[in-house]
Amino acid sequence: MADFDIKKLLQSVTVHGASDLHLVSRSEPQIRLDGSLKPVNLPKLTGSDIEEMCYSLITEKQKQLFEENNELDFALLLPGIGRFRANYYRTLGDMAAAFRTIPIDVPSLDQLGMPQVYKNLIKREKGLILVTGPTGQGKSTTLAAMLNEINLQFKKHIVTVEDPVEFIHENKKSVFSHRGVGEDTRSFAVALKYAMRQDPDVILIGEMRDKETIEAALTAAETGHLVLGTLHTSSAPSTINRIIDVFSGEEQPQVRAMLSSSLVAVISQALLPKIGGGRIAAPEILITNHAIANLIREDKVHQIYSQMQLGQGDTGMQTQTQALLKFLREGKISRDIALQFANKPDELSKSL
């Protein structure tokens, strides 16, 4: 077997500032830099190369879990190298792996260049704030920066439920209880049920995957907690529809009522390659005001977008098109990239 050192590979990921490492048999190792895959200058891997490398990082119990399920998710801390979220899986019978880097230092909202409105949102005592977007669009990073802001300003108990735990916060003014699904709790829904007895002020839900989790999140947001969560939706209005559609027809009016009173904001973001390297988050920001709460309650979600176009100055709302136009004016992204990532390319072309 070729002599591959998994720790050296992961070190090269952090040194290059890459976001991911992919190990798939019949291919050389690949890293993701600024959103694009690039092969590492090494021989092609076989399934047994990958198995030998990947098994060296896990415990006997994890190995057993992987062999039973053919899937394994876990977080990995390599001293002196970094933290990673890892996923082991099989492809055509061979073992494969994906590693995502997790920064050890939690970024601040200012470092990420996030809009001022995020700092106002985290001052809320209760309600639901959702950060949405496809996988790999920086949702976890944005949420970590929001929690970091709370940690710097307020004395709160913050319970995070993730699969696996990503950012680990140092207790500054706040106290964090980080809970990993699998290690510390059985599931998101179970963790949320018991979170209520842990006297939390703020709850972070790594993923709102199923009806029970969404229901628990809405209840927590209604009963005086600030709940932050993620969904894999690409625009603010589609996020509201996704939540409502999880429920059956007769439950939907009640869910709409709960959402209209507890939803604080939806931030849908995409990470765009910047001119000159690096990436920048283009957020669509929906902030619930009286008009939007009424549209949710009355099942008129399709009208929310035009409200977002109107409610700019006073609320801090913005559509994705407005975010893209701003970056274009500032010379941060190219016209091609803006059109490629636009949710509404026609609207963007017209504005250009």
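This text follows the structure it describes.
Notes on the structure in this doc start here. (Residues numbered from 1 in each chain as written. Predicted model: local features only at pLDDT ≥ 70, side-chain atom pairs only at ≥ 80, totals over all residues. Heavy atoms only, no water.)

1. Brief notes about the packing of aromatic side chains
Throughout the structure, instances matching the rule amount to 3 aromatic pairs. When the centroid spacing of 5.1 Å and the interplanar angle of 85° are considered together, the rings of Phe74 and Tyr88 count as edge-to-face. Placement of Phe74 in strand β4 (residues 71–78) and of Tyr88 in strand β5 (residues 82–91) is noted, with a sequence separation of 14 residues between them. In terms of burial, Phe74 and Tyr88 fall into one category: buried. Grouped by ring-pair contacts, the aromatic residues Phe66, Phe74, Tyr88 and Phe99 constitute a single cluster. The ring of Phe154 carries the charged tip of Lys156 above its face, separated from the ring centre by 5.3 Å. (Phe/Tyr/Trp six-rings, centres within 6.5 Å; stacked < 30°, edge-to-face > 60°. Helix = DSSP H or I, 4+ residues; strand = E, 2+ residues; numbered from the N terminus. Buried < 20%, exposed > 50% of the residue type's maximum accessible area, 1.4 Å probe, protein only. Lys NZ or Arg CZ within 6 Å of the ring centre and 35° of its normal.)

2. Considerations on the nonpolar core
Met146, Ile240, Leu259, Leu286 and Ile304 are the most contacted members of the largest nonpolar core, which has 64 residues in total. Apart from residues no more than four positions distant in its own chain, Ile240 is found in contact with Leu259, Leu263, Leu286, Ile296, Val301 and Ile304. Membership of the second largest hydrophobic core comes to 29 residues, among which are Val13, Leu21, Phe66 and Leu76. (Core = buried A, V, L, I, M, F, W, Y, C linked by side-chain atoms within 4.5 Å. Contact = heavy atoms within 4.5 Å.)

3. Brief notes about the packing of helix α9 (residues 236–245) against helix α10 (residues 252–262)
Between α9 and α10, the least distance of the axes is 9 Å, while the angle of their chain directions is 135°. By the angle between their axes, α9 is oblique relative to α10. Where α9 crosses over α10, the two elements pack in a sense that is right-handed. Of α10, the residues touching α9 (which contributes Ile240, Ile243, Ile244 and Asp245) are Gln252, Val255, Arg256 and Leu259. The class makeup of the residues in the contact of α9 with α10 is 5 nonpolar, 1 polar and 2 charged. (Axes fitted to C-alpha atoms, helices over the stretch in contact; angles between N-to-C directions. Parallel < 35°, antiparallel > 145°, perpendicular 65-115°, else oblique. Left-handed = near helix turned anticlockwise from the far one by under 90°. Nonpolar A, V, L, I, M, F, W, Y, C, P; charged D, E, K, R; others polar.)

Function-wise, these values are silent; they only describe arrangement.
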